[in-house]
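Summary of structural features
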Amino acid sequence: MNQEQFDKIKNGKGFIAALDQSGGSTPKALLGYGVEEDQYQNDDEMFQLVHDMRTRIVTSPSFTSDKVLGAILFEQTMDREVEGKHTGDYLADKGIVPFLKIDKGLAEQKDGVQLMKPMPELEELLARANDHKIFGTKMRSNILEFNKEGIDKVVEQQFDVAKQIIARDLVPIIEPEVNINAENKAEIEAYLADVIKAHLDELKEDQYVMLKLTIPTNVNQYEALANHPNVIRVVALSGGYSREHANEVLKTNHNLIASFSRALINDLRVSQSDEEFDKILGATIDSIYDASVNKVEA
């Protein structure tokens, strides 16, 4: 583990950019960017276009380590190059810590949740992540209902895989997303926090994780998790909230920084000039940075 990167993620001021749209979410991401589906003929062309979009983001003068602590990449983004370097190396040289999305999507809903699909090639992927100097990983589950059995299964699966990742000297970002439209969202989050803490308490002293959680209904719901000795940082997903609303509620949670995806790229378009693109991206980064760093009372 890179100690300098560890310290930056744990103590640095800023947020983590989620640039990890993949598979089924890629066409939607490209459409939002202004690239229609008839502009590519196959997956290779599609993934090249989304890599071009990500390259434009990470090479922007606005995308700097002063405000962006880290960036989460899709597997194909890790394997591709930016300005002659593998993407993880490019980011690391820029002072931005690279993470890798490792999950293969969500299973069918059962017991009010969606577990992660099996990852039979995980060991090989983690070995490649080590080769590409990736610091950590990210994996997402989905919680839609207040079903204790389902939530227990989500957290158990996340921590089982997290231990496999830690054994590869990588830091796992555990992401049991709570759907923002779920009934009893606050009750789900309170129970989720207790279950996560129970699993954290079972980790060894040198087993570190990060948590990526939906911005909670009850302010500072995850403060105890953020202060746990095995947690490096707790980051928040935007979860479908508008950037303005996500920033507003994030500011009131003193123990959270952002790890936004859609809220980061929603206003970017392929048709924008470089000057306009950089200006819009810079303003977006400034607003997310401010919500992550400058906190207010609820």
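In short, a report on the structure. All residue numbers here refer to positions counted from 1 along the written sequence of the relevant chain. Selection of residues for local features in this predicted model requires a pLDDT of at least 70, selection of side-chain atom pairs for listing and counting requires 80 or more, and totals for whole chains, interfaces and linings are taken over all residues. Note: side-chain values were computed over all heavy atoms of the structure, leaving out hydrogens and water.

Concerning the overall build of the protein
Check the secondary structure of the protein and you find 12 helices and 11 strands. For the C-alpha atoms alone, the extent of the protein along its principal axes is close to 50 × 45 × 40 Å. Here the protein, with 298 residues, has 54% of them falling under the buried criterion. Residue-level accessible areas treat just the shown protein chains as cover; the underlying method is Shrake-Rupley with a 1.4 Å probe. A total of about 13000 Å² of accessible surface is found on the protein, and carbon and sulfur atoms cover 44% of it. In this count, Lys and Arg are taken as positive residues and Asp and Glu as negative ones, while His and the chain termini are left out. Here the site of a charge means NZ on Lys, CZ on Arg, CG on Asp, or CD on Glu. Of the charged side chains in the protein, 33 are positive and 51 negative; the average position of the first set lies 2 Å away from that of the second. In DSSP terms, a helix is any run of H or I states spanning at least four residues, a strand is any run of E spanning at least two, and both are numbered starting from the N terminus. Per-residue accessibility, obtained with a 1.4 Å probe over protein chains only, is compared with the maximum for each type, and a residue is labelled buried under 20%, exposed over 50%, and partly exposed between these values.

Notes on the side chain of Glu189
Mapped onto the secondary structure, Glu189 falls in helix H8 (residues 185–200). In protein, a polar contact requires one atom able to donate a hydrogen and another able to accept it; more generally it is a pair of N or O atoms within 3.5 Å, and residues adjacent in sequence count only if both atoms are side-chain atoms. Reaching out from Glu189, the side chain makes a polar contact with the backbone nitrogen of Thr217 at a distance of 2.9 Å. A contact between two residues is defined here by any heavy atoms of the two lying within 4.5 Å. Ignoring anything within four residues of it in the chain, the contact list for Glu189 reads Val178, Thr214, Ile215, Pro216, Thr217, Asn218, Gln221 and Tyr222.

So, the nonpolar core
To define a nonpolar core, start from buried Ala, Val, Leu, Ile, Met, Phe, Trp, Tyr and Cys residues and group those joined through side-chain atoms within 4.5 Å. One finds Phe63 and Ile102 to be the most contacted residues of the largest nonpolar core, which totals 79 residues. At eight residues, helix H7 (residues 148–166) tops the list of elements feeding residues into this core. Sequence-distant contacts of Phe63, that is, excluding residues within four places in its chain, are made with Ala17, Leu19, Ile57, Val58, Val68, Ala71, Leu91, Lys94, Ile96 and Ile285. Core analysis: the next-biggest nonpolar cluster, separate from the first, contains 15 residues, Leu69, Ile173, Val235 and Ile257 among them.

Here's the deal with unusual backbone geometry
You will see that Asp111, though not glycine, has its phi angle at about 55°, which is positive. When you line up the elements, Asp111 lands in the loop between strand S5 (97–101) and strand S6 (113–114). Of note, the phi angle at Asn220 is positive, near 60°, even though the residue is not glycine. Mapped onto the elements of the fold, Asn220 is located in the loop between strand S9 (209–214) and helix H9 (223–226). Residue classification places Asn220 among the partly exposed residues on the basis of a relative accessible area of 24%.

Digging into the packing of aromatic side chains
Within a pair of aromatic rings, the relevant descriptors are the distance that separates the centres and the angle that separates the planes. In this scheme Phe, Tyr and Trp rings, the latter by its six-membered ring, pair at centre separations within 6.5 Å, and the angle between planes marks the pair as stacked below 30 degrees, edge-to-face above 60, and tilted otherwise. Enumeration according to the criterion identifies four aromatic pairs in this entry. With 5.2 Å between their ring centres and 70° between their planes, Phe6 and Tyr208 make a pair best called edge-to-face. Here Phe6 is found in helix H1 (residues 3–11), whereas its partner Tyr208 is found in the loop between H8 and S9, with 202 residues between them in sequence. Judged by centre distance (5.7 Å) and plane angle (85°), the ring pair of Phe99 and Phe135 falls under edge-to-face. Of this pair, Phe99 sits in strand S5 while Phe135 sits in the loop between helix H6 (122–131) and strand S7 (136–143); the two residues are 36 residues apart in sequence, bridging distant segments of the chain. According to the relative accessible area criterion, Phe135 is buried, its value standing at 3%. Positioned above the aromatic ring of Phe277, the side-chain terminus of Arg56 is 4.1 Å from the ring centre. For Lys67, the ring lying beneath its charged end belongs to Tyr289, and the centroid distance is 5.5 Å. The criterion for a charge sitting over a ring is simple: Lys NZ or Arg CZ within 6 Å of the ring centre, and within 35 degrees of the ring normal.

Section: the pairing of S7
For a regular strand, the rule is simple: side chains alternate between the two faces of the sheet. Among the eight residues of S7, seven are classified as buried, and the element is accordingly described as predominantly covered. Being paired, for any two strands, means DSSP has found at least two bridges between them. Here S5 pairs with S7 via three bridges, running parallel. Looking at S7, one finds that Lys101 is bridged to Lys138. As defined by bridge partners, S6 adjoins S7 across two bridges and the pair is classed as antiparallel. Of the residues in S7, the one forming a bridge with Val113 is Ile143. As judged from the eight bridges shared by S7 and strand S8 (residues 171–178), these two strands associate in the parallel manner. Along S8, the bridge assignment pairs Asn142 with Glu177. A crossover gets the label right-handed when its path from the first strand over the helix to the second runs clockwise, viewed with the strands pointing away from the viewer. In this fold, S7 hands off to H7, which returns the chain to S8; that crossover is right-handed.

Examining the pattern of salt bridges
Whenever Lys or Arg places a side-chain nitrogen within 4 Å of a carboxyl oxygen from Asp or Glu, that contact is recorded as a salt bridge. Taken as a whole and assessed by the stated rule, the structure comprises 18 salt bridges. Across the salt bridge formed by Lys197 and Asp201, the nearest N and O atoms sit 2.9 Å from each other. We classify Lys197 as partly exposed; its relative accessible area is 34%. Through salt bridges with shared partners, one network takes in Glu75, Asp79, Lys104, Glu124 and Arg128.

Describing helix H2 (residues 26–33)
All of the buried residues along H2 are Thr26, Pro27, Ala29, Leu30 and Tyr33. What you see down the axis of H2 is that its buried residues fit within an arc of 160°, all on one side. Where H2 is buried, its residues meet helix H3 (43–58) and helix H12 (274–293). Where H2 terminates, the next one or two residues include Gly34, which has phi positive at roughly 100°. By definition, the arc is the one covered by directions from the helix axis to the C-beta atoms.

So far we have only geometry, and geometry alone does not tell us how the molecule works.
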